[in-house]
Amino acid sequence: MIDGKYLSCIVTAAGSGLRMKSKVNKPYIEVGGRKILEITLDTITTIKEIDEIILVIREDDESFVRNIISKYDRDIKYVYGKTTRELSTFEGLKALSEKSDLVLTHDGVRPFASRELFLKTIEGLRDNKAVITATKSKDTVKIVDDNMYVDFTPNRDYVYNIQTPQAFDKRLIFSMYKDYIQSEFKVTDDSQLFEFFDRSEPVKVVHGEYSNIKITTQEDIIFAKAFLDRKKDV
């Protein structure tokens, strides 16, 4: 809990291994002897402020998940996801406890988000109803048109790469997701809903971590193994 408010955490782990070109779905690929989802849960399960944890999974991966959650001394529930990350998140929202006031959302394949980053995001909920993590872009970004010609270059000082965890007032994000499901909008992260449905509610950005990568391709696995090896040496 935070300030007496019940805090839930949704971890989406329903991704496939298509871009990874793997027979095993991404959350269950092993890196350094542990499955990616396990490394993620190793951190989340230590955060006492989190009152419930809901995993959103593919039905075919249920045996993997049962084995993983049996290793933790916390009650971890799971529900089946849908075809997109956003629809899967909505399934997680529908499964939350009636006591839930606040909710964290996190990608199960971002295993290196630190405990400190989660706590910083949670802390942001004391003064905000929407908090997201992001890193300042290291690269110059170009906006292009449909024919791949440069349209303009945004000021890099104001360009950030969005990550998870993200945190929200549960009732507010749930209401937005209900509207989203009925709409033709397309979002790529939860906080984008505020841009469509409630521009008056500010979304607070806290500094993320460059090591908090989303493991999507084989190249990301190389980074992940190197990152874990470096941690062992420190």
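Residues numbered from 1 in each chain as written. Predicted model: local features only at pLDDT ≥ 70, side-chain atom pairs only at ≥ 80, totals over all residues. Heavy atoms only, no water.

Chemist: In this structure, what is going on with helix α3 (residues 85-94)? I would like to understand it.
Modeler: Think of an α-helix as 3.6 residues a turn; residues three or four steps apart then line up on the same face. The element α3 is extensively covered by neighbouring structure, given that seven of its ten residues are classed as buried. All of the buried residues in α3 are Glu86, Ser88, Thr89, Phe90, Glu91, Gly92 and Leu93. In the core, the buried residues of α3 are packed alongside β1 (7-13), β4 (52-57), β5 (76-80), β6 (102-107) and α5 (170-181). (Buried < 20%, exposed > 50% of the residue type's maximum accessible area, 1.4 Å probe, protein only. Helix = DSSP H or I, 4+ residues; strand = E, 2+ residues; numbered from the N terminus. Contact = heavy atoms within 4.5 Å.)

Chemist: Could you clarify how one ought to interpret the sheet that holds β5 in this entry?
Modeler: Each strand in a sheet pairs with its neighbour through backbone hydrogen bonds, running either in the same direction (parallel) or in the opposite one (antiparallel). Spatial strand order, β5-β4-β1-β6-β10-β7-β11: seven strands in an open sheet with mixed pairing. Every other strand in the sheet has two partners, leaving β5 and β11 (204-207) as the edge strands with one partner each. In this sheet, adjacent strand axes meet at a mean angle of 25 degrees when their direction is disregarded. Across seven bridges, strand β7 (residues 130-136) lies against strand β10 (residues 160-169) in antiparallel orientation. In the strand pairing of β10, lysine 136 is matched with tyrosine 160. Strands in contact with α5 are β6 and β10; relative to β10, the strand with the most contacts, it is inclined by about 110 degrees. (Pairing = 2+ DSSP bridges. Axes fitted to C-alpha atoms, helices over the stretch in contact; angles between N-to-C directions.)

Chemist: Teacher, can you tell me more about the packing of aromatic side chains here?
Modeler: Between two aromatic rings, the relevant description is the distance of the centres plus the angle of the planes. If you walk through the whole model with that rule in mind, you get ten aromatic pairs. Look at phenylalanine 90 and tyrosine 177: their rings are 6.0 Å apart centre to centre, the planes differ by 20 degrees, and that puts the pair in the stacked class. Separated by 87 residues along the polypeptide, phenylalanine 90 in helix α3 and tyrosine 177 in helix α5 bring together distant segments of the chain. Across the pair, tyrosine 177 and phenylalanine 90 agree in class, each one buried. Three or more aromatic residues link up through ring pairs in this structure, and these residues are Phe90, Phe174, Tyr177 and Tyr180. Its guanidinium or amino end placed over the ring of tyrosine 210, lysine 138 lies 4.2 Å from that ring's centre, counting from NZ or CZ. We note lysine 170 situated over the ring of phenylalanine 174; from NZ or CZ to the ring centre the distance is 5.5 Å. (Phe/Tyr/Trp six-rings, centres within 6.5 Å; stacked < 30°, edge-to-face > 60°. Lys NZ or Arg CZ within 6 Å of the ring centre and 35° of its normal.)

Chemist: Help me out: how do you make sense of the nonpolar core in this one?
Modeler: Generally speaking, nonpolar side chains in soluble globular proteins are found buried as a group. Counting 29 residues, the largest nonpolar core has Leu37, Leu41, Ile50, Leu55 and Leu104 as its most contacted members. Elements with a contribution of two residues or more to this core: β1, α1 (36-44), β4, α2 (62-69), β6 and α4 (115-124). The element contributing the most residues to this core is β1, with four residues. For leucine 37, the contacting residues outside a window of four places in its chain are Val11, Ala13, Pro27, Tyr28, Leu55, Ile68 and Gly108. Membership of the second largest hydrophobic core comes to 17 residues, among which are Ile10, Ala130, Tyr177 and Tyr180. (Core = buried A, V, L, I, M, F, W, Y, C linked by side-chain atoms within 4.5 Å.)

Chemist: What is the right way to look at a nonpolar patch on the surface in this model?
Modeler: A surface patch of nonpolar side chains, about 300 Å² in accessible area, is lined by Val144, Met148 and Val150. For methionine 148, the position within the fold is in the loop between β8 (143-144) and β9 (150-152). (Patch = residues over 30% accessible without salt bridge, like charges linked within 9 Å, V, L, I, M, F, W, Y side chains within 5 Å. Areas by Shrake-Rupley, 256 points an atom, 1.4 Å probe, with all protein chains shown as cover. Salt bridge = Lys/Arg side-chain N within 4 Å of Asp/Glu carboxyl O.)

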